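Residues per chain are reported as follows:
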Amino acid sequence: MTPRSGASLSFAEAFDLPLVVDLRTAAQALGLCPATAYKLIHQGGFPCRFLRLGWQYRIPTADLLRALGIEERPVYPAELRAGAEFQEQHFPATQCETEDYA
């Protein structure tokens, strides 16, 4: 996913991010210019954990969302239906004996 340049990320875009993002994307989500994000990393003030891979920085999306105050990803009805259909296809229900307490 390539975020729009110059604008902050929407909630939908934030939830569609991969497991890690580059520093520019993280800066955009935080409402920072990339130069400020680099400066904060070098000063030890970047608001979330980051990984340095060679000359590049990668930010775990879970940490980025947590820094934005988003602790949990919302669950949408379509995702629940897809999960239920997957469960039915791969793990069919078996008949169980139940006791009648009436």
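Residues numbered from 1 in each chain as written. Predicted model: local features only at pLDDT ≥ 70, side-chain atom pairs only at ≥ 80, totals over all residues. Heavy atoms only, no water.

## Some points on the packing of aromatic side chains
The relation between two aromatic rings is expressed through the spacing of the ring centres and the mutual angle of the planes.
Point 1. Using the criterion set out here, one finds two aromatic pairs in the structure.
Point 2. Ring geometry for Tyr 38 versus Tyr 57: centroids 6.1 Å apart, planes at 65 degrees, classification edge-to-face. Remark: Tyr 57 occurs in strand 3 (residues 56-60) and Tyr 38 occurs in helix 3 (residues 34-43); sequence separation between them is 19 residues.
Point 3. Taking the relative accessible area as the measure of exposure, Tyr 57 reaches 7% and is therefore buried.
Point 4. With a centroid separation of 5.5 Å and 75 degrees between ring planes, the pair formed by Phe 50 and Tyr 57 is classed as edge-to-face.
Point 5. Its relative accessible area of 32% is what places Phe 50 among the partly exposed residues.
Point 6. Feature note: the residues Tyr 38, Phe 50 and Tyr 57 constitute an aromatic cluster, connected by ring pairs. (Phe/Tyr/Trp six-rings, centres within 6.5 Å; stacked < 30°, edge-to-face > 60°. Helix = DSSP H or I, 4+ residues; strand = E, 2+ residues; numbered from the N terminus. Buried < 20%, exposed > 50% of the residue type's maximum accessible area, 1.4 Å probe, protein only.)

## So, the pattern of salt bridges
Point 1. Counted by the stated rule, this structure contains two salt bridges.
Point 2. Residue Arg 49 is joined to Asp 63 by a salt bridge in which the shortest nitrogen-to-oxygen separation is 2.7 Å. Here Arg 49, found in the loop between helix 3 and strand 2 (51-53), pairs with Asp 63, found in helix 4 (residues 61-67); they are 14 residues apart in sequence, far enough to count as distant.
Point 3. Since its relative accessible area comes to 11%, Asp 63 is described here as buried.
Point 4. Salt bridges sharing common partners tie together Arg 49, Asp 63 and Arg 66. (Salt bridge = Lys/Arg side-chain N within 4 Å of Asp/Glu carboxyl O.)

## Quick look at the nonpolar core
Point 1. Counting 14 residues, the largest nonpolar core has Val 21, Leu 23, Ala 26, Phe 46, Ile 59 and Leu 64 as its most contacted members.
Point 2. Elements with a contribution of two residues or more to this core: helix 2 (23-30), helix 3 and strand 3.
Point 3. With four residues, helix 2 is the single largest residue contributor to this core.
Point 4. The residues touching Leu 23, leaving out its near neighbours within four places in the chain, are Ala 37, Tyr 38, Ile 41, Phe 46, Tyr 57 and Ile 59. (Core = buried A, V, L, I, M, F, W, Y, C linked by side-chain atoms within 4.5 Å. Contact = heavy atoms within 4.5 Å.)

## Some thoughts on the confidence of the model for the protein chain
When pLDDT drops low, the exact placement of atoms in the prediction is not to be read closely.
Point 1. Residues of the protein chain with pLDDT of at least 70 account for 75%, and the chain-wide mean is 80.
Point 2. Looking across the protein chain, the model is least confident in helix 5 (residues 77-90), with a mean pLDDT of 73, and most confident in helix 3, with 96. (pLDDT = per-residue confidence, 0-100.)

## Structural notes on the packing of helix 2 against helix 3
Point 1. Running from amino to carboxyl end, helix 2 crosses helix 3 at an angle of 105 degrees, the nearest separation of the two axes being 9 Å. When the interaxial angle is binned, helix 2 and helix 3 end up roughly perpendicular. When helix 2 is examined against helix 3, the residues Leu 23, Arg 24 and Ala 27 are found in contact with a partner set consisting of Pro 34, Ala 37, Tyr 38 and Ile 41.
Point 2. Classifying every residue of the contact of helix 2 with helix 3 by side-chain character gives six nonpolar, no polar and one charged. (Axes fitted to C-alpha atoms, helices over the stretch in contact; angles between N-to-C directions. Parallel < 35°, antiparallel > 145°, perpendicular 65-115°, else oblique. Nonpolar A, V, L, I, M, F, W, Y, C, P; charged D, E, K, R; others polar.)

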